[in-house]
Amino acid sequence: MSSIKEMYKSGKTVFSCEVFPPKKDKPLEPVMEKLREFKDIAPDFLSVTYGAGGSNAGHAVETASFIRREVGVDVLSHITSVGFSKEKLDSSLDIFRENGIENVLALRGDRPKDMTDEEYDSRDFFHASDMAEHIKKNHPGFTVAGACYPDKHFEAASYEEDIANLKKKVDMGCSFLITQLFFDNDKFYKMRDMMDRAGISAPVSAGIMPITNARMLGTTVTLSGTSVPKSLSDVIARYGENDDDMKKAGIEYATDQIKDLLSHGVDGIHLYVMNKPDTARAIFSEVR
Ligand code: FAD
């Protein structure tokens, strides 16, 4: 078991993938079968999402533990302040530690549709930074990471405000950052320049999502608030109607994005491959 923050200190690019656990009412085995395939891909770590509000929270711990035990790679477990009371956070961190997981990505989470104003407004931790502060004070063995946004977080009034809030997050204990997915590298470079000017020195992994079918794009953009550059909409227009061609073109677009990021000295690449090891394998074999 390693502290993921140490990986960034080695000077090598850190390669990671994001996966999600099965929903509470679904069996574990089909997802576990897919996750086993990450063993030979050997990313530096896998991150396991958490459904804010608890929709897929049931299997998050089992999934993270399975990865540690059976896949044999380090795990970053996502936790969201929406859906986590202080008590639940403390007890969950104890369970994580018992399972050899001591790296967490602290997130606020988005409000589930069925959550009342009262429930949402009375959460114990308002922002990811509040959670990071609590974990650093009360669970010092944990490494805490945070999220950042090359396209700006959709609620922030300005880019400057978002970066000032990101500084709070890092000052409160986030040792490294992972970006929201983005399709335009210039946005990432602009964010890094602004971080430098704000004195934020935490390493940043660039979040890349390969668009492997045209239908994914609408949901992805709606959920993430990420903009779509003309270069990508041209790819969709050209290949979107044929799933095989689109998959190839989507992987190629992501691969080109990563090669450019590597040539600009990016600290890490975080692939939003969401339980698709074949996509991760195709990209990593080109860029690692
Ligand atoms: P925050 O850091 O709290 O930021 C939210 C807004 O508040 C921003 O506009 C920010 O500028 C502002 N802000 C931040 N700190 C402060 C402060 N101290 N004072 C005032 N304003 C502040 N969602 C899930 O539900 N489950 C997941 O597993 C999940 N994984 C993710 C993984 C990554 C890598 C990323 C980038 C996002 C993920 N999300 C996930 C989505 C995330 O929950 C949403 O993007 C959410 O809207 C914001 O989360 P955050 O942690 O960035 O929030």
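Residues numbered from 1 in each chain as written. Predicted model: local features only at pLDDT ≥ 70, side-chain atom pairs only at ≥ 80, totals over all residues. Heavy atoms only, no water.

## Regarding the sheet that holds strand β6 (residues 174–179)
Heads up, the condition is: Any two strands with at least two DSSP-identified bridges between them are counted as paired. Secondary structure is summarised from DSSP: a helix means a run of H or I of at least four residues, a strand means a run of E of at least two, and numbering begins at the N terminus for each. For every element, the axis is a line fit to its C-alpha atoms; helices are fit only across the contacting stretch, and the angle between N-to-C directions ranges from 0 to 180 degrees. When checking whether two residues touch, look at their non-hydrogen atoms; a contact exists if any pair is within 4.5 Å.
A barrel is described by the order of its strands in space; here 8 strands give the closed sequence β1-β2-β3-β4-β5-β6-β7-β8, paired in parallel fashion. Averaged over all adjacent pairs, the angle separating strand axes in this sheet is 30 degrees, with direction ignored. Bridge count for strand β3 (residues 74–80) against strand β4 (residues 103–107) is 4 bridges, and the pairing is parallel. Bridged to serine 77 within β4 is valine 104. With respect to the sheet, helix α7 (residues 128–138) is in contact with β3, β4, β5 (143–148) and β6, its orientation differing from that of β4 by roughly 145 degrees. Together, β1 (14–19), β7 (204–208) and β8 (268–271) form the strand contacts of helix α12 (residues 243–263), whose direction differs from that of β7 by roughly 165 degrees.

## Examining unusual backbone geometry
Keep in mind that most residues, glycine aside, have a negative phi and that most peptide bonds are trans. Put simply, the test is: To sort residues, take the accessible area from a 1.4 Å probe on protein chains only and compare it with the maximum for the residue type: under 20% means buried, over 50% means exposed, and anything in between is partly exposed.
Positive phi, normally seen in glycine, also occurs at methionine 274, with a value near 45 degrees. Topologically, methionine 274 is positioned in the loop between β8 and α13 (277–287). At asparagine 275, a position not held by glycine, the phi torsion is positive, near 65 degrees. Note that asparagine 275 resides in the loop between β8 and α13. Using a relative accessible area of 8% as the deciding quantity, one classes asparagine 275 as buried.

## With respect to α7
Regarding α7, the residues found buried are Ala128, Ser129, Met131, Ala132, His134 and Ile135. Considering only its buried residues, α7 is in contact with β3, α5 (86–98), β4, β5, α8 (159–171) and β6.

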